[in-house]
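# Structural overview
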Amino acid sequence: TTAERVLGVEDLHVTYGEVMALRGVDLHVDEGEIVGLIGPNGAGKTTLANTVSGFLDYEGSVTYRGEDVHEKKPSDLVSAGLVHCSEDRDLFGHLSVADNLELGAYRHDEGWEERRDFVYDLFPRLEERSDQHARTMSGGEQQMLAIGRALMSDPDLLVLDEPTLGLAPVILQDISDGIEEIRESGVTILLTEQNVTFTMNHADRVYLLEQGRVEREGHPDELRGDEYIRDAYLGH
Ligand code: ATP
């Protein structure tokens, strides 16, 4: 049996004025996978995450569950199950943790309270701090809240853009455990990261992006054995 294609990207080009950020990217994410997208600063990871989530214009093909996303707005994609968790976190700083989560469930359909409970089980710190203003939370706690809020939209595909950016090592384990539990709950994940080791620990397949192009792709074990990746990204 072949797994169902959740996200398909073919010959994707994105430019910002004169800057060519993506220059013909092909990648895909299948049902139940965690796919990692690694690469240095400026490689185009965030551009790819923003494009598939409907925020940027592009040339080439992007399909979600077989449907072309070109004419779709980000909110249409969220309703269809493609939910983006931005590296900027985009929290409502003057609102409480609980309110940020409730706003994440903007469809407020049946089941949102269950999803909130799932988020609180995932990150108990959020429940302990449910009345605290989001802006006064630590960087790691804010990242948990951003992921939690994305989960409130009941994703089928979660696009997680650089969840470990700027976080202290002690908090990485919580984010790591969270990602595994989210996978176990049946959510497919596209994970963009500069942290190669973190990504290799979670991903079923990894793409290395450099200067807007896919330079390598494969299973983490294959890439760990690749001399170029070892020298340039794993430091041994
Ligand atoms: P980082 O890990 O630093 O976030 P990244 O891999 O996510 O890097 P992008 O943020 O996608 O890379 O950037 C890809 C390229 O596009 C870079 O050269 C960047 O300067 C450029 N770029 C990104 N956003 C814009 C913008 N709004 N206007 C102009 N150029 C941009």
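Under the annotation held in an unreviewed UniProt entry, the protein carries the name ABC transporter ATP-binding protein and is attributed to Halospeciosus flavus.

Here we come to the pairing of strand E6 (residues 82-85). Of the two faces of E6, the one lined by Leu 82 and His 84 and the one lined by Val 83 and Cys 85 are each fully buried. Looking at chain direction, E6 and strand E7 (residues 157-161) are connected through four bridges and run parallel. Of the residues in E7, the one forming a bridge with Val 83 is Leu 158.

The next subject is the environment of Asp 88. Residue position: Asp 88 is located in the loop between E6 and helix H3 (97-104). Considering only alpha carbons, one finds Asp 88 and Glu 162, 74 residues apart in sequence, at a separation of 9.2 Å.

A word on unusual backbone geometry. Phi at Asp 154 is positive, roughly 60°, even though this residue is not glycine. Secondary-structure assignment places Asp 154 in the loop between helix H6 (139-151) and E7. Its identity is not glycine, yet Gln 211 carries a phi of approximately 45°, on the positive side.

All right, on to the packing of H6 against helix H7 (residues 169-184) then. Running from amino to carboxyl end, H6 crosses H7 at an angle of 10°, the nearest separation of the two axes being 10 Å. Classified by the interaxial angle, the pair formed by H6 and H7 is roughly parallel. The handedness of the crossing between H6 and H7 is right-handed. Residue-level inspection shows Gly 140, Gln 143, Met 144, Ile 147 and Leu 151 of H6 in contact with H7, the latter providing Ile 171, Asp 174, Ile 175 and Ile 182. For the contact of H6 with H7, the class distribution of residues is six nonpolar, two polar and one charged.

We now examine the site of the ligand. Not every one of the 14 residues close to the ligand is listed here, only the nearest: Asn 41, Gly 42, Thr 46, Thr 47 and Glu 162. At a separation of 2.9 Å, an oxygen atom of the ligand approaches a polar backbone atom of Gly 44. Within the contact set of the ligand, an oxygen atom lies 2.8 Å away from a side-chain nitrogen or oxygen of Lys 45. Within the complex, 62% of the 630 Å² of free accessible area of the ligand lies under protein. Those elements that provide at least two residues to the shell around the ligand are strand E2 (19-30) and helix H1 (45-52). For the shell around the ligand, the element with the most residues is H1, which contributes three residues. The residue inventory of the shell around the ligand, partitioned by class, reads five nonpolar, six polar and three charged.

Moving on, we come to the side chain of Arg 205. Relative to the assigned elements, Arg 205 resides in strand E9 (residues 205-210). There is a polar contact of 2.7 Å between the side chain of Arg 205 and the backbone oxygen of His 28. Within polar-contact distance, the side chain of Arg 205 engages the side chain of Glu 33 at 2.8 Å. Setting aside anything within four residues of it in sequence, one finds Arg 205 in contact with His 28, Val 29, Glu 33, Ile 34, Val 35, Gly 36, Gly 218 and Pro 220.

Thresholds applied
For every chain, the first residue of its written sequence is number 1, and the numbers climb from 1 along that sequence. Since the coordinates come from a predicted model, pLDDT governs what is reported: local features require at least 70, and pairs of side-chain atoms require 80 or more to be given and counted, while whole-chain, interface and lining totals use all residues. Water and hydrogen atoms play no part in the side-chain values, which are based on all heavy atoms of the structure. Remark: exposure states derive from per-residue accessible area (1.4 Å probe, protein chains only) relative to the maximum for the residue type, with buried under 20%, exposed over 50%, and partly exposed in between. Elements are defined by DSSP. Helices are runs of H or I of four residues or more, strands are runs of E of two residues or more, and each kind is numbered from the N terminus. Strand pairing requires that DSSP identify at least two bridges connecting the strands. Axes here mean lines fitted to C-alpha atoms, for a helix over just the part in contact, with angles spanning 0 to 180 degrees between N-to-C directions. These descriptions rest on fixed angle ranges, namely under 35 degrees for roughly parallel, over 145 for roughly antiparallel, 65 to 115 for roughly perpendicular, and the rest for oblique. Here a crossing is called left-handed whenever its near helix is offset anticlockwise from the far helix by less than a right angle, and right-handed whenever the offset is clockwise. Note on definitions: a residue-residue contact is assigned when non-hydrogen atoms from the two residues lie within 4.5 Å. Just so you know the grouping, Ala, Val, Leu, Ile, Met, Phe, Trp, Tyr, Cys and Pro go in nonpolar, Asp, Glu, Lys and Arg go in charged, and all remaining residues, Gly too, go in polar. Near is defined per residue: the residue qualifies when any heavy atom it owns lies within 4 Å of the molecule or strand. Polar contacts, as counted here, are pairs of nitrogen or oxygen atoms within 3.5 Å of one another; within protein the pair requires one atom able to donate a hydrogen and one able to accept it, and residues that are adjacent in sequence qualify only if both atoms are side-chain atoms. In these tables, accessible area is a Shrake-Rupley quantity obtained with a 1.4 Å probe, and a residue counts as shielded only by the protein chains included in the view.

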